[in-house]
Amino acid sequence: SDSFCQSMWFGVKAGPGVNFQSWSDGSFSNSSNTSPLFSLNGDLFVESYDEEKKGSLYAQLGFHTRGSSFRFLSFNNTFTDVQGFKYRNLVLELGARKPFDLDKEFDPYFILGIRGEYTVGTNLDNYLSFGSLFYPVNDFVREFNYGVTLGGGFETYLSELTNVFVEMSLQPDLSFQYMQPPLFNITEPWTQQTINLPLRQSRNLSIELKAGVRFLRKVEYID
């Protein structure tokens, strides 16, 4: 009987991220950008073996924190308070990796991928006690989101079976992480006045810097 198996890379990468959200009520003129939210992210990945350095395919699964933050000043400007809105997402990414093959100690490469994300939790319940309708709430968080990944990095070889690399990527979402429809005749908890809330929606954008290690599972055919 004949058997078939294939060499492949596998490994782990992790590092910090800077996360942004663009909040909007649906009109361009009223869109607003919040302050960045900093996070740590990590991924496990597998990658096809690319002996001739023509390009490879990869798949990775990771845990990423998306979101943004707001900075508030006290009434007399004596202190500031930063409040972060965190969305903890499981991320599945599929893509391609292309080295430049310059025969240097640190070989550059670029990546292009597509992402699917599932939100497993948030910290939005921490702000329920504030009693403000202008804080986001879990009822309007979209659990499934998708986006693209663009990036590149540098890789160096430790041995025949081990490489290390540093990678930076830009990860914009194409879908909305948060979408709250217009709400009418809402009683404001502080003033007890009736108000209308416009459409509120936000999209994630993350910039991530990661370091990682790759291990080669090498298969040799011997007659």
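These figures come from a predicted structure and were not determined experimentally.

1. Describing the overall build of the chain
In terms of regular secondary structure, the chain is built from zero helices and 12 strands. For the chain, the N- to C-terminal ordering of α and β elements is β-β-β-β-β-β-β-β-β-β-β-β. When the 223 residues of the chain are sorted by exposure, 39% land in the buried category. A fraction of 70% describes how many contacts in the chain between residues 6 or more apart in sequence connect residues 24 or more apart. Surface summary for the chain: the accessible area is close to 13,100 Å², and the carbon and sulfur share equals 62%.

2. Details of empty space enclosed by the protein
Tallied over the entire structure, the rule returns two cavities of 30 Å³ or more. A volume near 100 Å³ is recorded for the largest cavity. For the largest cavity, the full set of lining residues is Lys13, Phe45, Glu47, Tyr58, Gln60, Arg97, Tyr109, Ile111, Phe165, Glu167 and Arg214. For the lining of the largest cavity, the per-class residue count stands at five nonpolar, one polar and five charged. Lining the second largest cavity are Lys13, Gln60, Glu93, Ile111, Thr149, Glu167, Ser169, Gln171, Glu208 and Lys210. Elements that contribute at least two residues to the lining of the second largest cavity include exactly strand S8 (162–172) and strand S12 (200–217). Sort the elements by how many residues they give to the lining of the second largest cavity and S8 lands first, with three residues. For the lining of the second largest cavity, the class distribution of residues is one nonpolar, four polar and five charged.

3. Some words on the packing of aromatic side chains
In this structure the tally under the stated criterion is nine aromatic pairs. With centroids separated by 6.0 Å and ring planes inclined at 85°, the aromatic side chains of Phe85 and Tyr135 adopt a geometry described as edge-to-face. Within this pair, whereas Phe85 is found in strand S5 (residues 80–99), its partner Tyr135 is found in the loop between strand S6 (107–122) and strand S7 (144–159), the two being separated by 50 residues in sequence. On the accessibility criterion, Phe85 (2% relative accessible area) is buried. Ring-pair connections join several aromatic residues into one group, and the members of that group are Trp23, Phe140 and Tyr178. Note that Lys13 overlies the ring of Phe45, its terminal NZ or CZ placed 5.7 Å from the centroid. Positioned above the aromatic ring of Trp9, the side-chain terminus of Arg214 is 4.2 Å from the ring centre.

4. Focus: the side chain of Arg214
Relative to the elements of secondary structure, Arg214 occurs in strand S12. At 2.9 Å, the side chain of Arg214 and the side chain of Glu47 are in polar contact. A distance of 2.7 Å separates the side chain of Arg214 from the side chain of Glu155, its partner in a polar contact. When residues no more than four places from it in sequence are discounted, the contact partners of Arg214 are Trp9, Phe10, Gly11, Phe45, Glu47, Arg97, Glu155, Leu161, Thr162, Asn163 and Phe165.

5. A short note on the pairing of strand S1 (residues 8–24)
Bridge count for S1 against S12 is 15 bridges, and the pairing is antiparallel. Residue pairing across strands places Ser22 opposite Arg203, the latter belonging to S12. With 12 bridges connecting them, S1 and strand S3 (residues 37–48) associate as antiparallel partners. Within S3, the position partnered with Gly17 by the bridge is Ser39.

6. So, the layout of surface pockets
Roughly 270 Å³ of volume is contained in the second largest pocket. In this structure, the second largest pocket is lined by 17 residues; those nearest its centre are Trp9, Asp50, Lys53, Tyr157 and Asn163. When residues of the lining of the second largest pocket are traced back to their parent elements, those giving at least two are S5, S6 and S7. Taken together, the residues that form the lining of the second largest pocket break down as six nonpolar, one polar and 10 charged.

So, how was this worked out
Residues numbered from 1 in each chain as written. Predicted model: local features only at pLDDT ≥ 70, side-chain atom pairs only at ≥ 80, totals over all residues. Heavy atoms only, no water. Helix = DSSP H or I, 4+ residues; strand = E, 2+ residues; numbered from the N terminus. Buried < 20%, exposed > 50% of the residue type's maximum accessible area, 1.4 Å probe, protein only. Contact = heavy atoms within 4.5 Å. Areas by Shrake-Rupley, 256 points an atom, 1.4 Å probe, with all protein chains shown as cover. 1 Å grid on protein atoms, 1.4 Å probe; cavity = no way out; pocket = protein on both sides within 12 Å on 5 of 7 lines; lining within 4 Å. Points joined across faces, edges and corners; volume = space filled by probe spheres on them. Nonpolar A, V, L, I, M, F, W, Y, C, P; charged D, E, K, R; others polar. Phe/Tyr/Trp six-rings, centres within 6.5 Å; stacked < 30°, edge-to-face > 60°. Lys NZ or Arg CZ within 6 Å of the ring centre and 35° of its normal. Polar contact = N/O pair within 3.5 Å; in protein donor to acceptor, adjacent residues only side chain to side chain. Pairing = 2+ DSSP bridges.

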